[in-house]
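Chain and residue survey
For reference, the chains in residue letters:
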Amino acid sequence: MASTVRPSTTAGTPELPALSERIQNPADISVIVIYFVVVTAVGLWAMLRTNRGTIGGFFLAGREMAWWAMGASLFASNIGSGHFVGLAGTGAASGIAVVAFESHASPLLLVLGWFFVPIYIKAGVVTMPEYLKKRFGGNRLQVYLSVLSLFMCVVLRTSADIFSGAIFIKLALGLDLYLAIFILLAITAVYTITGGLTAVIYTDTLQAGIMLLGSCILMVFAFVEVGGYESFTEKYMNAIPSVIEGDNLTINPRCYTPQADSFHIFRDAVTGDIPWPGTVFGMTITAVWFWCTDQVIVQRCLSGKDMSHVKAACIMCGYLKLLPLFLMVMPGMISRILYTDMVACVVPSECVKHCGVDIGCTNYAYPTMVLDLMPAGLRGLMLSVMVASLLSSMTSIFNSASTLFSIDLYTKVRKQASEKELLIAGRLFVIVLIVLSILWVPLVEVSQGGQLIHYTEAIASYLGPPIAAVFLLAIFCKRVNEQGAFWGLMIGLIMGLIRMIPELVYGTGTCLAPTNCPQIICGVHYLYFAIILFCVSAIVVLGISFLTKPIPDVNLYRLCWALRNSEEERIDLDADEKRPEETEDAVEEDHPEKSRGCIRKTYELFCGLQKTGPKLTKEEEEALNKKLTDTSEKPLWKTIVNINAITLLAVTVFFYGYFA
């Protein structure tokens, strides 16, 4: 082994330059260069081989993606650098219970593929706000969900991934935190702005392979270093920092002693840091929001060749989502064993000395182990893994955010905008998103006691449940109408903000210094709050809907589960509004090819704005639209994916039974 594990007492500020020097050798640099060359080549290949000059081509990859590419992209777009840093950090602090946030995805992905996606495809929508507009009519639901989704992209996903990725780059290369952020985002934005969903999915597929390979190698090194699984379970329970007094503080032993239930997923309903009712019900609610209604996830499924490919992709991703326990959480716990004084530091002055943050250094558990434990060459691979996880999740978020902005918001301002104008507007919006995300990073760093995964899940619990309630009722209860859905979302938003804003203002506190947030607001665990918020939102939606006029069936054909197989012609509630693509020919001038110079042609090729073939006839357009809304399956493949779905459920039940 090229490096030996250093005592954690030397992992403070003097250690950081030593760690950063370790990546600066020919083997590591060669691996990193090869990674960027290969990813760039794949991105360019995908970018140039597809039609990026249309809404369907850029945002839905023309509905031509195979199951393996979609499955890998679902996994890679979800697993960002925040997962490596956050899951490992919380695992180091409190054990394996945090993995339930990941493993809950396995059954919910089946719900997505079997129940939600067929409705979305039959509805013929590109975005989730667009579905609400078709289902309920009017504009306010579409605009509200678009704005909220973009806000959540900033506070929940991009800022967390930027922060966690920059931690690793800062340690590995010794760069300034914000310089590392700028470099990573510049690369990410170029891929998203130029390539569209096809380039994102294919680079995601490559990066998913790199993530799995690199994290598997590190897991093996970690378990070898700690002496195997039995030794790991024993040593973790004894991983107590040597400095437990100082700064004139009286520190409770529970602040630095591993929890007695560290190796159990289900924990006490009252005293547990992740209580079991919250795990069973609260996490499921937020998982419904994320896996069944989030634009980033659903957009990948909408790009599939047919429903069997979509279902197979969900099954593949479901299996992959059972791996974070072994690839991220347990390595984070091993990092606490190897670098106890740094990762488990409890005295604020000691934590500042080790990682520059007084609330704890658990976020540094995974990066420190990578740089200290891995030999030359493999360190470069793991740096590539962290960059891959950041790039894959960020490109996915940026592509979906530009989709939301272009289709659901920009068209409200520019009703006659051409398809080309929409594509340009979506790409420019990515730059705005990047700036807002960077400004939010400082709040991420100090929230939830420095534990990144608790920050992301808490925000999801305050904003996601009303959306989950509305989508579930929209699909499975045709009696729900626009008034009920809107006021359910509004009441849910108000309740969520009443909890979220004071928590951001007062802070969530730490084991040493509890928060000053009023107990009546912040005293309920965020997973319990998610359950309450979901129930209140659902009651409001149903109550107001049953007190007001229902939507006629003629407006709901193939938009809800009860009418999903109807062959009747649907009269859309938004049929009176002209779509941007319908007015494109009247707005956009047809410039002869010969009038364009080489620079103009290169620019249009790079951004996918070139004309791509002759205009379709009316019959050809009808055939294409029929294909885009087709959910039929071949009997053989339908049987195969159903059997595999049952197998995945059985594996998931065993997983929970073993670790519960």
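Here, the structure is the one placed above.
First things first, this report covers the structure right here in the doc.

Basis of the calculations
Residues numbered from 1 in each chain as written. Predicted model: local features only at pLDDT ≥ 70, side-chain atom pairs only at ≥ 80, totals over all residues. Heavy atoms only, no water. Helix = DSSP H or I, 4+ residues; strand = E, 2+ residues; numbered from the N terminus. Contact = heavy atoms within 4.5 Å. Areas by Shrake-Rupley, 256 points an atom, 1.4 Å probe, with all protein chains shown as cover. Expected span 1.5 Å × (residues − 1). Polar contact = N/O pair within 3.5 Å; in protein donor to acceptor, adjacent residues only side chain to side chain. Patch = residues over 30% accessible without salt bridge, like charges linked within 9 Å, V, L, I, M, F, W, Y side chains within 5 Å. Salt bridge = Lys/Arg side-chain N within 4 Å of Asp/Glu carboxyl O. Disulfide = S-S within 2.5 Å. Buried < 20%, exposed > 50% of the residue type's maximum accessible area, 1.4 Å probe, protein only. Core = buried A, V, L, I, M, F, W, Y, C linked by side-chain atoms within 4.5 Å. Phe/Tyr/Trp six-rings, centres within 6.5 Å; stacked < 30°, edge-to-face > 60°. Lys NZ or Arg CZ within 6 Å of the ring centre and 35° of its normal. Axes fitted to C-alpha atoms, helices over the stretch in contact; angles between N-to-C directions. Parallel < 35°, antiparallel > 145°, perpendicular 65-115°, else oblique. Left-handed = near helix turned anticlockwise from the far one by under 90°. Nonpolar A, V, L, I, M, F, W, Y, C, P; charged D, E, K, R; others polar.

**Here we look at the overall build of the protein chain**
- Of regular secondary structure, the protein chain possesses 29 helices and 0 strands.
- Taking as baseline every contact in the protein chain between residues at least 6 positions apart, the subset at least 24 positions apart corresponds to 83%.
- For the protein chain, the exposed surface amounts to about 25600 Å²; the carbon and sulfur share of it is 66%.

**Here's the deal with helix 23 (residues 482-506)**
- Over its 25 residues, helix 23 extends 36 Å from the first C-alpha to the last, a length consistent with the 36 Å expected when each residue adds 1.5 Å.
- N-cap assignment for helix 23: the residue whose side-chain oxygen lies 3.4 Å from the backbone N of Gln483 is Asn481.
- Gly507 lies just past helix 23 and shows a positive phi near 85°.

**Considerations on a nonpolar patch on the surface**
- A cluster of nonpolar side chains, namely Leu428, Ile431, Val432, Val435, Leu436 and Leu439, defines an oily patch on the protein surface of about 560 Å² accessible area.
- Looking at where Val435 falls in the secondary structure, it is placed in helix 20 (residues 419-446).

**Details of the state of the cysteines**
- For the structure on display, the rule yields 2 disulfides.
- Residue Cys345 pairs covalently with Cys351 via a disulfide, S to S 2.1 Å. A torsion of 120° about the S-S bond marks the disulfide between Cys345 and Cys351 as right-handed. Taken individually, Cys345 and Cys351 each receive the classification buried, so the pair is uniform in this respect.
- Note that Cys517 is cross-linked by a disulfide to Cys522, the S-S spacing being 1.9 Å. Classification of the bridge connecting Cys517 and Cys522 rests on its S-S torsion, roughly 60°, and on that basis the disulfide is right-handed.
- Overall, Cys517 belongs to the buried group, its relative accessible area being 6%.
- Note on Cys314: no disulfide assigned, nearest cysteine sulfur contributed by Cys301 at a separation of 4.1 Å.

**What about the nonpolar core?**
- Leu112, Tyr120, Tyr131, Phe136, Phe232, Trp291 and Phe471 are the most contacted members of the largest nonpolar core, which has 181 residues in total.
- If you tally residues by element for this core, the top one is helix 9 (residues 140-173), at 17 residues.
- In this structure Tyr131 touches Ile119, Tyr120, Ala123, Val125, Phe471, Ala474, Ile475 and Leu559, once residues within four positions along its chain are discounted.

**Overview of the side chain of Ser262**
- Note on placement: Ser262 falls in the loop between helix 11 (229-236) and helix 12 (276-293).
- In terms of polar contacts, Ser262 uses its side chain to reach the backbone carbonyl oxygen of Gln259, at 2.5 Å.
- In contact with Ser262, not counting residues within four places along its chain, are Ser94, Gly95, Ile96, Tyr236, Met237, Arg267 and Met333.

**With respect to the environment of Thr293**
- Residue position: Thr293 is located in helix 12.
- Given a relative accessible area of 5%, Thr293 falls into the buried group.
- For the pair Thr293 and Tyr120, spaced 173 residues apart in sequence, the C-alpha to C-alpha distance is 10.0 Å.
- If we skip the residues at most four places from it in the chain, Thr293 touches Phe116, Tyr120, Met128, Val288, Val298, Ile467 and Phe471.
- In this structure the side chain of Thr293 is engaged in a polar contact, spanning 2.5 Å, whose partner is the backbone oxygen of Trp289.

**Digging into the packing of aromatic side chains**
- Across all of its chains, the model carries 26 aromatic pairs by this definition.
- On the numbers, 5.5 Å between centres and 80° between planes, the contact of Phe223 with Phe232 is edge-to-face. Exposure class is identical for Phe223 and Phe232. Each is buried.
- One aromatic cluster is present, built from ring pairs that chain together Phe115, Phe116, Tyr120, Tyr131, Phe471, Phe476 and Trp561.
- One cation-aromatic arrangement involves Arg499 over Phe529; the distance from NZ or CZ to the ring centre is 5.5 Å.
- Between the NZ or CZ atom of Arg564 and the centre of the ring of Trp561, over which it lies, the distance is 3.9 Å.

**What to know about the pattern of salt bridges**
- Enumeration over the complete set of coordinates arrives at 10 salt bridges.
- The shortest N-O distance in the salt bridge between Glu503 and Arg499 comes to 3.3 Å. Linking Glu503 with Arg499, this pair stays in helix 23, spanning 4 residues, or about one helical turn. We note that Glu503, like Arg499, is buried.
- We note a salt bridge from Arg570 to Asp572, for which the minimum N-O separation is 2.6 Å.
- The class for Arg570 is buried, based on a relative accessible area of 15%.

**Side note on helix 8 (residues 128-136)**
- The buried fraction of helix 8 is high, at 9 of 9 residues.
- The complete set of buried residues in helix 8 reads Met128, Pro129, Glu130, Tyr131, Leu132, Lys133, Lys134, Arg135 and Phe136.
- You can read the cap of helix 8 off the contacts: a side-chain oxygen lies 3.1 Å from the backbone nitrogen of Glu130, and it is on Thr127.
- Phi turns positive, to about 80°, at Gly137, one or two residues after helix 8.

**Digging into the side chain of Lys134**
- Positionally, Lys134 belongs in helix 8.
- Polar contacts involving the side chain of Lys134 include one to the side chain of Asp572, which spans 3.1 Å.

**Regarding the packing of helix 5 (residues 81-94) against helix 15 (residues 324-338)**
- Packing of helix 5 against helix 15 brings their axes to within 7 Å, and their N-to-C directions diverge by 55°. Comparing their axes, helix 15 and helix 5 come out oblique. Where helix 5 crosses over helix 15, the two elements pack in a sense that is right-handed. Contacts from His83, Phe84, Leu87, Ala88, Gly91, Ala92 and Ala93 in helix 5 reach Pro324, Met328, Val329, Gly332, Met333 and Arg336 in helix 15.
- Here the contact of helix 5 with helix 15 is built from residues that sort into 9 nonpolar, 3 polar and 1 charged.

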